[in-house]
Amino acid sequence: MIKQALISVSDKTGVLDFARALSSLGVNILSTGGTAKLLQDNGVPVTEVADYTGFPEMLDGRVKTLHPKVHGGILARRDFPEHVAKLEEHGIPQIDMVVVNLYPFQQTVAKEECSLEDAIENIDIGGPTMLRSAAKNHRDVVVIVDPLDYGVVLAEMKGQGEATGPVSYETRFRLAKKVFAHTAQYDGAITNYLTSLGEDRAHATRSSFPQTLNMGFEKVQDMRYGENPHQGAAFYRDLVSVDGALANYTQLQGKELSYNNIADADAAWECVKSLGGLGQPAGCVIVKHANPCGVAIGTDALDAYSRALQTDPTSAFGGIIAFNVEVDGTAAEALSKLFVEVLIAPSFTAEARQIMAAKQNVRLLEIALGAGQNAYDVKRVGGGLLVQSPDAKNVGLGELRVVTKKHPTQQQLQDMMFAWRVAKFVKSNAIVFCANGMTLGVGAGQMSRIDSARIASIKAQNAGLSLTGSAVASDAFFPFRDGLDVVVDAGATCVIHPGGSMRDQEVIDAADERGVVMLYTGTRHFRH
């Protein structure tokens, strides 16, 4: 039976309607500060916590609910006679529901003008304490930290025979778990912020990499296994949604996603998102074992897919295919002829879904396009974690430097910019041949750059594609002229790479000798 609820919220979304509903069910409401005023101003009967405890708020509101009459009422075990007797001895009523969300610490420290004093004053003390007390005693107390749970709790209360019927233990336990996850994330955010401050404790000069790093994720699903059948695995996503990220997918059909499916799908999705603004409306990326094996832009999904497939139709078998435009029926008809593990797009037409329904095992993922980035890229190593900022940089035309006597034509410039976008997503050492908005040969993950160059040209030959007049992107500098000679011998007439080698001049001289164009980006794109 819920007879008394304590409501004190920073985020007041939906709280007025919730409090009204509780009051109509005969629940007595305790509240503090702005929440109490909101309820009073709107005619909801409420008792101020200060009146309830007989002790006024003090220290500019820092002490409001830190009182035995509050925490005794929350923490007392109803099935322990000695607890019940102690409440009666001290005149402490039971508190059966706690509805609390916390000061907006993360929103505060996200502001440029935030000061350490602002941050400190937005560290909630009473709120987390009440939440933890209520969550600990969840067998007897309903605790709500998320406004989305108001309706769930009310539905259970109203669904019982008595006006204020019990909320199921399953719901109370779920809400308690949610609370502990929330307070852990809250404390983690405070720790991250404070340990990011330097000796001057200035907000503006805080480090991007705090001394103590806390990261929170929630499990989406268990995987059948990891990279290999003898490994266990699960997929987790950020607690705060990242705009346009793979984790936001909606699966429309197909088998359950595997560990490798998700890893490869992310590689394909991040690459295809980068293809906007390259002169064609549609982009398609085909990925196999985390590397793009075919990338193209085109007039529509079918055109982009048909061109991407030409690069390496053998490797595309059993691959992951991503689009940055809607997939229609004509594209789906072509896709249905290839064995594909996962198809990803912002949307699929009804006709496309009907066609793909015949391929029941193909996983169809819809993901809204967006420009969000993970706060960190991380890689687990033995006993530790490598953490870096994401590789979000796309080199602009104004950053390019022509280092050869020969200057690029407009077509060569377009080809090199496309090749450079693709090379960013190919495992290093990466060499990518491109022309007219499509890849021709991709050399990935080799220990020497010259081997990547040779493999890329062999891939093109195997696919029957001519490299004459092609552009080449290298994710890092050419350490010697031999790699350049390989791509020029294969047919390349222009090359884009970061530069920065001790032998840069030797490679530039070789480019001039061979009569090809060379651009420096000044940016490297190692992908390990």
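Parameters at a glance
Residues numbered from 1 in each chain as written. Predicted model: local features only at pLDDT ≥ 70, side-chain atom pairs only at ≥ 80, totals over all residues. Heavy atoms only, no water. Domains from an automatic or database assignment. Buried < 20%, exposed > 50% of the residue type's maximum accessible area, 1.4 Å probe, protein only. Helix = DSSP H or I, 4+ residues; strand = E, 2+ residues; numbered from the N terminus. Pairing = 2+ DSSP bridges. Axes fitted to C-alpha atoms, helices over the stretch in contact; angles between N-to-C directions. Parallel < 35°, antiparallel > 145°, perpendicular 65-115°, else oblique. Left-handed = near helix turned anticlockwise from the far one by under 90°. Contact = heavy atoms within 4.5 Å. Nonpolar A, V, L, I, M, F, W, Y, C, P; charged D, E, K, R; others polar. Phe/Tyr/Trp six-rings, centres within 6.5 Å; stacked < 30°, edge-to-face > 60°. Lys NZ or Arg CZ within 6 Å of the ring centre and 35° of its normal.

Novice: Please provide a residue-by-residue account of the domain arrangement of the chain, values included.
Specialist: When the parts of a complex come together, some accessible area is lost, and that lost area is often used as the size of the interface. Looking at the assigned domains, one finds that the chain contains domain 1 (4-205), domain 2 (244-366) and domain 3 (397-520). Its C-alpha centre places domain 1 at a distance of 60 Å from the equivalent point of domain 3.

Novice: Could you give an account of the pairing of strand β9 (residues 282-288), naming the residues involved and the relevant values?
Specialist: Within β9, six of the seven residues are buried, which leaves the element mostly enclosed by the surrounding structure. Here seven bridges tie β9 to strand β10 (residues 291-298), and the two strands are oriented antiparallel to one another. Within the sheet, the bridge partner assigned to Gly-283 lies in β10 and is Ile-297. The hairpin formed by β9 and β10 contains two residues between the paired strands, and His-289 there has a positive phi angle of roughly 50°. Here four bridges tie β9 to strand β11 (residues 319-323), and the two strands are oriented antiparallel to one another. Note on β11: the bridge partner recorded for Val-285 is Ala-322.

Novice: Can you explain the sheet that holds strand β2 (residues 28-31)? Please cite residues and give values.
Specialist: With parallel pairing, five strands are arranged side by side in an open sheet as β3-β2-β1-β4-β5. Every interior strand has two partners, whereas the edge strands, β3 (47-48) and β5 (142-144), have only one. Summarising the sheet, strand β1 (residues 4-9) and strand β4 (residues 97-101) pair through five bridges and their orientation is parallel. Residue pairing in the sheet places Val-9 in a bridge with Asn-101 of β4.

Novice: I'd like a description of the packing of helix α18 (residues 481-490) against helix α19 (residues 504-514), backed by residues and values.
Specialist: Running from N to C, α18 and α19 point in directions that differ by 25°, and their axes come no closer than 9 Å. Taken together, the axes of α18 and α19 lie roughly parallel to each other. For the pair α18 and α19, the crossing hand works out as right-handed. Taking contact as the criterion, the partners of Arg-481, Leu-484, Asp-485, Val-488 and Asp-489 in α18 are, on α19, Glu-506, Val-507, Ala-510, Ala-511, Glu-513 and Arg-514. When the residues that make up the contact of α18 with α19 are grouped by side-chain class, the tally is five nonpolar, no polar and six charged.

Novice: Explain the side chain of Asn-261 to me, using residue names and the numbers behind them.
Specialist: Looking at the element boundaries, Asn-261 is found in helix α11 (residues 259-273). With sequence-adjacent residues up to four places away left out, Asn-261 is seen in contact with Glu-256, Ile-320, Glu-341, Val-342 and Arg-363.

Novice: Could you give me a rundown of the packing of aromatic side chains, with the residues and numbers involved?
Specialist: Using the criterion set out here, one finds seven aromatic pairs in the structure. Ring plane angle 80° and centroid distance 5.9 Å describe the contact between Phe-105 and Tyr-193, whose orientation is recorded as edge-to-face. Taken as a pair, Phe-105 in helix α6 (residues 105-109) and Tyr-193 in helix α10 (residues 169-194) lie far apart in primary sequence, 88 residues in all. For Phe-105, a relative accessible area of 1% corresponds to the buried category. Among the aromatic residues, those joined into a ring-pair cluster are Phe-105, Tyr-186 and Tyr-193. Above the plane of the ring of Tyr-52 lies Lys-69, whose end atom (NZ or CZ) is 4.8 Å from the centre.

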